[in-house]
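One letter stands for each residue in the lines below.
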Amino acid sequence: MKTRHEAHQSTGETTVSAGGGLGSGAISLEGVSKTFVRGPTEVHALADLSLRIDPGELVVLLGPSGSGKTTLLNLIGAIEPATKGRLIVSGRDVSSLAGADLTRYRRTQVGFVFQFFNLVPTLTASENVEVVAELIGPDAARRAETALGLVGLGDRLDHFPGQLSGGEQQRVAIARAVVKDTPVILADEPTGSLDLESGRHILGLLRQTADAGRTIVLVTHNSAIASVADRVVQLRDGHVVDDRHVATPLPVDQVAW
């Protein structure tokens, strides 16, 4: 993992000035809205939202179902486009990307960790990570083994998902995100289907990843998890209703939910 002082090389996408600290891992949303059309009805998932996330922050997005948390994550990850507004990630104006530039952004700038691990059941742990590593560069098998070692699964490389516990499967999912070496990792309810011990382990890995310099944006409905974050942003009806820094994040082993 790179430290927060090491910049990633430019990949050729549309970029904006890195002035004001908009370097690797920085996220800036300026007046961003997202509207879904459901037949004759318009659903405003995000409404004129402005937010700045600094490199290396572990930011927890809190809020009830329908508050816009996952939509915000999907916009940062370029899974969905914003209806209006400007979104800049690591100096790249995501709102303007298309075609090959958009694909390159998804591959090189953001990694995803989901609640349901999305592993291929017929591939081993190592192979599940390798298929992602191969998209980024050479020597995929070695890089996959290194990533799995980082999450404590160096002795489970040849196990299939069905032979792993839920917590171990989520660690494979984190290794899959880590192997891309992206400045931003987006985690959507990564502990939602895990028991307390496994959930703590996953939070610990994400905390370590942020401490190593990557920006982590973690969506949850569980306010207890927010105690390990550097910052907590609360959403309601597509608006930011609270945004606070955590003076002293709680050690992961003290989190209970």
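Residues numbered from 1 in each chain as written. Predicted model: local features only at pLDDT ≥ 70, side-chain atom pairs only at ≥ 80, totals over all residues. Heavy atoms only, no water.

A short note on the environment of Gln109
Inference 1: Looking at the secondary structure, you find Gln109 in the loop between helix 2 (99-108) and strand 6 (110-114).
Inference 2: Separated by 13 residues in sequence, Gln109 and Ser96 place their C-alpha atoms 15 Å apart.
Inference 3: Here the side chain of Gln109 touches Ser90 through a polar contact of 3.4 Å, side chain to side chain. (Helix = DSSP H or I, 4+ residues; strand = E, 2+ residues; numbered from the N terminus. Polar contact = N/O pair within 3.5 Å; in protein donor to acceptor, adjacent residues only side chain to side chain.)

Looking at the nonpolar core
Grouped burial of nonpolar side chains is what soluble globular proteins tend to show.
Inference 1: If you look at the biggest cluster of nonpolar residues, it comprises 42 residues, and the most contacted ones within it are Val129, Leu148, Val172 and Ile174.
Inference 2: Secondary structure elements with two or more residues in this core: strand 3 (58-62), helix 3 (125-136), helix 4 (140-150), helix 5 (166-178), strand 7 (184-188), helix 6 (196-211) and strand 8 (215-219).
Inference 3: Dropping the residues within four chain positions of it, Val129 is found in contact with Ala144, Ala147, Leu148, Val172, Ala175, Arg176 and Val179.
Inference 4: Counting residues in hydrophobic clusters, the runner-up holds 28 residues, among them Leu29, Leu73, Leu75 and Tyr105. (Core = buried A, V, L, I, M, F, W, Y, C linked by side-chain atoms within 4.5 Å. Buried < 20%, exposed > 50% of the residue type's maximum accessible area, 1.4 Å probe, protein only. Contact = heavy atoms within 4.5 Å.)

Some remarks on the layout of surface pockets
Inference 1: Considered as a void within the structure, the second largest pocket measures approximately 270 Å³ in volume.
Inference 2: In terms of lining, the second largest pocket is formed by 13 residues, of which the most central are Arg106, Phe112, Val132, Leu135 and Lys180.
Inference 3: Taken together, the elements giving at least two residues each to the lining of the second largest pocket come down to helix 2, strand 6, helix 3 and helix 5. (1 Å grid on protein atoms, 1.4 Å probe; cavity = no way out; pocket = protein on both sides within 12 Å on 5 of 7 lines; lining within 4 Å. Points joined across faces, edges and corners; volume = space filled by probe spheres on them.)

A word on the sheet that holds strand 4 (residues 84-89)
Inference 1: Within the open sheet, the four strands sit side by side as 2-1-4-5. Their pairing is antiparallel. Sheet topology places strand 2 (41-53) and strand 5 (92-93) at the edges, where each strand pairs with a single neighbour.
Inference 2: When strand 1 (residues 27-38) meets strand 2, the two strands line up antiparallel, connected through nine bridges. Pairing of Arg38 across the sheet is with Thr41, part of strand 2.
Inference 3: Contacting strand 1, strand 2 and strand 4, helix 1 (residues 69-76) crosses the sheet at an angle of about 115° to strand 1. (Pairing = 2+ DSSP bridges. Axes fitted to C-alpha atoms, helices over the stretch in contact; angles between N-to-C directions.)

Structural notes on the packing of aromatic side chains
Inference 1: One pass over the full model with this rule turns up one aromatic pair.
Inference 2: Relative to Phe114, the ring of Phe112 has its centre 5.6 Å away and its plane inclined at 0°; by these criteria the two rings are stacked.
Inference 3: The exposure class assigned to Phe114 is partly exposed, which follows from its relative accessible area of 28%. (Phe/Tyr/Trp six-rings, centres within 6.5 Å; stacked < 30°, edge-to-face > 60°.)

Concerning the pairing of strand 6
Inference 1: Summarising burial for strand 6: four of the five residues are buried, a large majority.
Inference 2: Where strand 6 lies against strand 7, five bridges are found, and the strand directions are parallel. Counterpart to Val110 in the pairing with strand 7 is Val184.

Structural notes on the sheet that holds strand 8
Backbone hydrogen bonds are what pair the strands of a sheet, in a parallel or an antiparallel way.
Inference 1: A sheet is described by the order of its strands in space; here six strands give the open sequence 6-7-8-3-9-10, paired in mixed fashion. Edge positions in the open sheet fall to strand 6 and strand 10 (239-245), since each of these has one partner strand only. Strand-to-strand twist across the sheet, computed as the mean angle between neighbouring axes with direction ignored, equals 15°.
Inference 2: Here four bridges tie strand 3 to strand 9 (residues 231-236), and the two strands are oriented parallel to one another. Bridge pairing links Leu62 to Gln234 in strand 9.

Concerning the packing of helix 5 against helix 6
Between two packed helices, what matters for the description is the angle formed by their axes and the separation of those axes.
Inference 1: Relative orientation of the contacting elements helix 5 and helix 6 amounts to 15°, with a least axis distance of 9 Å. Relative to helix 6, helix 5 is oriented roughly parallel. Pair helix 5 / helix 6 crosses with right-handed handedness. Facing helix 5, whose interface residues are Gly167, Gln170, Arg171 and Ile174, helix 6 presents Ser198, His201, Ile202, Leu205 and Leu206.
Inference 2: Classifying every residue of the contact of helix 5 with helix 6 gives four nonpolar, four polar and one charged. (Parallel < 35°, antiparallel > 145°, perpendicular 65-115°, else oblique. Left-handed = near helix turned anticlockwise from the far one by under 90°. Nonpolar A, V, L, I, M, F, W, Y, C, P; charged D, E, K, R; others polar.)

Just distances and angles here, no functional claims.
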